[in-house]
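Each chain, written out:
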Number of protein chains: 2
Amino acid sequence: MVHPDMATMLCFLTTDAPAHPSWLQETLAATADVSLNMIDVDMDTSTSDTMLLFANGAAGGEPLDAGHPAAPAFREALVALSTELAKDLVRDAEGARALIEVRVDGAHSTEDARRAARTVASSPLVKTMVTGRDANLGRVMMALGRSGAQVDVERTSIWIGKSCAFERGAPTTVPYEVLSGEMVGEDVSIRVDLGLGSSSATAWGCDLTEEYIRINADYTT
Amino acid sequence: MVHPDMATMLCFLTTDAPAHPSWLQETLAATADVSLNMIDVDMDTSTSDTMLLFANGAAGGEPLDAGHPAAPAFREALVALSTELAKDLVRDAEGARALIEVRVDGAHSTEDARRAARTVASSPLVKTMVTGRDANLGRVMMALGRSGAQVDVERTSIWIGKSCAFERGAPTTVPYEVLSGEMVGEDVSIRVDLGLGSSSATAWGCDLTEEYIRINADYTT
């Protein structure tokens with residue numbers, strides 16, 4: 001699914017459900033915004049990223065639209081499927097050894113939450129922090145700061161895995177070794193509470209390894 | 001000058017020239033915009049980037065301001081010095097083996113030219129293209145396309161070093177080996193003519209090597 005040169009991403013989904021095309025298009029766009037549009041490998045967008053959903057109506061019955069009783073369940077399933085595909089795509093990235101999930105809560109707006117989560121997930125210094133299993137919180141704070149989201153250090157808390165590393169402006173007493181130990185597996189979780197509002201977003205990225213360089217530097221047209 | 005963790009950049013300049021503080025501040029800001037603000041190592045901004053200019057007036061004479069006959073020469077010297085410092089800073093980046101100079105001409109606006117130049121200079125895929133000495137123009141076009149600048153492929157031309165690789169929408173007949181040969185030295189030049197206007201900008205970046213990963217993954221707080 002990931003072409004090793006341009007991260008070209010083509011995503012085709014099919015369903016037997018009947019549906020009104022305009023509702024389906026709207027639902028698909030909203031789904032892309034919380035799944036495939038929230039992943040990053042190297043910030044370089046593909047020239048042909050595409051997500052298509054085909055509904056052939058084979059299942060019969062009333063076509064889905066906003067008022068259909070099955071609409072919420074369909075939407076939920078679509079988001080779940082797209083999120084899994086998005087995460088698989090990141091796991092499959094050039095040289096990636098770890099999937100980094102960045103969840104931001106307490107943002108002032110959804111836009112802020114998305115920006116903060118994506119910036120942390122795509123920061124080369126956060127990525128190499130995970131590569132080296134080195135819990136350097138300054139890098140997460142730096143990425144939050146440059147994201148453009150409203151951030152107040154005194155209200156910000158950060159978790160790595162299940163360990164709270166930074167609480168409302170100050171490092172916690174959790175030892176460095178424990179925090180670094182939270183980054184040993186293939187799935188690394190970073191959670192941020194900005195303490196400013198009630199908006200959330202999740203983004204996914206991967207670590208940046210020497211293998212990424214080898215693959216992308218050795219590729220020949 | 002570059003701290004290997006956060007690309008912390010502190011730049012102190014001194015001059016014996018007397019000068020009006022407000023003119024000097026304005027001139028320094030304009031200088032930063034075409035020198036230090038146009039470099040990139042890894043897109044991660046430092047928490048303490050600083051550029052300061054001290055003028056002690058020891059040289060005597062009329063203080064410099066916009067109307068002073070020596071103002072253009074002073075400004076030119078300041079830009080030249082700051083540009084050299086900016087390039088040295090990139091050359092000194094973690095793991096960098098090549099300085100990449102990206103000049104964009106023919107942009108619709110200065111803002112467009114700056115965006116296009118900075119996006120090409122900071123693209124991981126352009127950086128690894130230089131690491132591998134692999135003239136893959138698709139990566140330059142991709143970066144131009146995602147920069148947000150107005151781009152029309154049919155009017156775009158691209159040079160690598162002195163060789164024109166792409167002319168108004170089509171690859172030239174210059175062989176791949178010749179283009180890749182233009183990327184062998186320590187200074188690699190990419191020039192783009194967008195063919196849409198008369199604005200220009202230059203940005204500087206460096207290649208992305210396995211050494212960058214080693215330095216940033218092995219760093220411990």
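Our structure is the block above this text.
Below is a short write-up of the structure. (Residues numbered from 1 in each chain as written. Chains lettered and ligands numbered in written order. Predicted model: local features only at pLDDT ≥ 70, side-chain atom pairs only at ≥ 80, totals over all residues. Heavy atoms only, no water.)

This part covers the relation of the copies chain B and chain A. Between chain B and chain A, which share one sequence, the superposing operator has a rotation angle of 180° and an axial displacement of 0.0 Å; the RMSD is 0.0 Å. Such a combination of turn and shift is consistent with a two-fold rotation axis. In terms of proximity to the rotation axis, the leading residue of chain B is Glu210 of chain B, whose C-alpha is 2.4 Å off the axis. The share of interface residues of chain B whose copies in chain A are also at the interface is 100%, consistent with both copies meeting through the same surface. (Least-squares fit on C-alpha atoms with pLDDT ≥ 70 in both. Contact = heavy atoms within 4.5 Å.)

Residues and elements named next belong to chain B. Counted under the stated rule, the structure contains 26 salt bridges over all chains. Put simply, Asp40 and Lys127 hold a salt bridge, and the shortest N to O gap is 3.6 Å. Taken as a pair, Asp40 in the loop between helix H1 (21-34) and strand S2 (50-55) and Lys127 in helix H4 (residues 124-131) lie far apart in primary sequence, 87 residues in all. Given the relative accessible area of 8%, Asp40 is considered buried. The partner of Asp105 in a salt bridge is Arg191, with the nearest N and O atoms 3.0 Å apart. One end of the pair, Asp105, is in strand S3 (residues 99-107); the other, Arg191, is in strand S7 (residues 187-193), with 86 residues separating them in the sequence. (Salt bridge = Lys/Arg side-chain N within 4 Å of Asp/Glu carboxyl O. Helix = DSSP H or I, 4+ residues; strand = E, 2+ residues; numbered from the N terminus. Buried < 20%, exposed > 50% of the residue type's maximum accessible area, 1.4 Å probe, protein only.)

So, on to the nonpolar core. Ranked by size, the top nonpolar core spans 128 residues in total, and within it Val104, Val140 and Ile190 of chain A together with Val104, Val140 and Ile190 of chain B carry the most contacts. Here Val140 of chain B is in contact with Val120, Val126, Met129, Ile158, Ile190 and Val192 of chain B, once residues within four sequence places are set aside. (Core = buried A, V, L, I, M, F, W, Y, C linked by side-chain atoms within 4.5 Å.)

This part covers the packing of aromatic side chains. Residues and elements named next belong to chain A. Under the counting rule described, the total for this entry stands at two aromatic pairs over all chains. Summarising the aromatic geometry, the rings of Trp23 and Phe74 are spaced 5.9 Å apart at their centres and angled 50° between planes, so their arrangement reads as tilted. Here Trp23 is found in helix H1 (residues 21-34), whereas its partner Phe74 is found in helix H2 (residues 71-91), with 51 residues between them in sequence. Residue placement shows Arg191 over the ring face of Trp159; its charged tip is 4.0 Å from the ring centre. (Phe/Tyr/Trp six-rings, centres within 6.5 Å; stacked < 30°, edge-to-face > 60°. Lys NZ or Arg CZ within 6 Å of the ring centre and 35° of its normal.)

Another point: a nonpolar patch on the surface. All names here are of chain A. A grouping of Leu10, Phe12, Leu52 and Phe54 is seen on the molecular surface, where their side chains present a nonpolar patch of about 380 Å² in accessible area. At the level of elements, strand S1 (10-15) and strand S2 (50-55) are the ones that each hand at least two residues to the nonpolar patch. Structurally, Phe12 is set in strand S1. Using a relative accessible area of 52% as the deciding quantity, one classes Phe12 as exposed. (Patch = residues over 30% accessible without salt bridge, like charges linked within 9 Å, V, L, I, M, F, W, Y side chains within 5 Å. Areas by Shrake-Rupley, 256 points an atom, 1.4 Å probe, with all protein chains shown as cover.)

On the side of chain A, 32 residues touch chain B, which itself brings 32 residues to the contact. Overall, the association of chain B and chain A removes approximately 2,800 Å² of surface from exposure, summing both partners, and the carbon and sulfur fraction of that is 58%. Taken together, the links from chain B to chain A amount to two salt bridges. At the junction of chain B and chain A, the tally comes to four residue pairs in polar contact (both at pLDDT 80 or more). Taken together, the elements giving at least two residues each to the side of chain B that touches chain A come down to H4, helix H5 (137-146) and helix H7 (210-218) of chain B. (Buried area = accessible area lost by both parts, 1.4 Å probe. Polar contact = N/O pair within 3.5 Å; in protein donor to acceptor, adjacent residues only side chain to side chain.)

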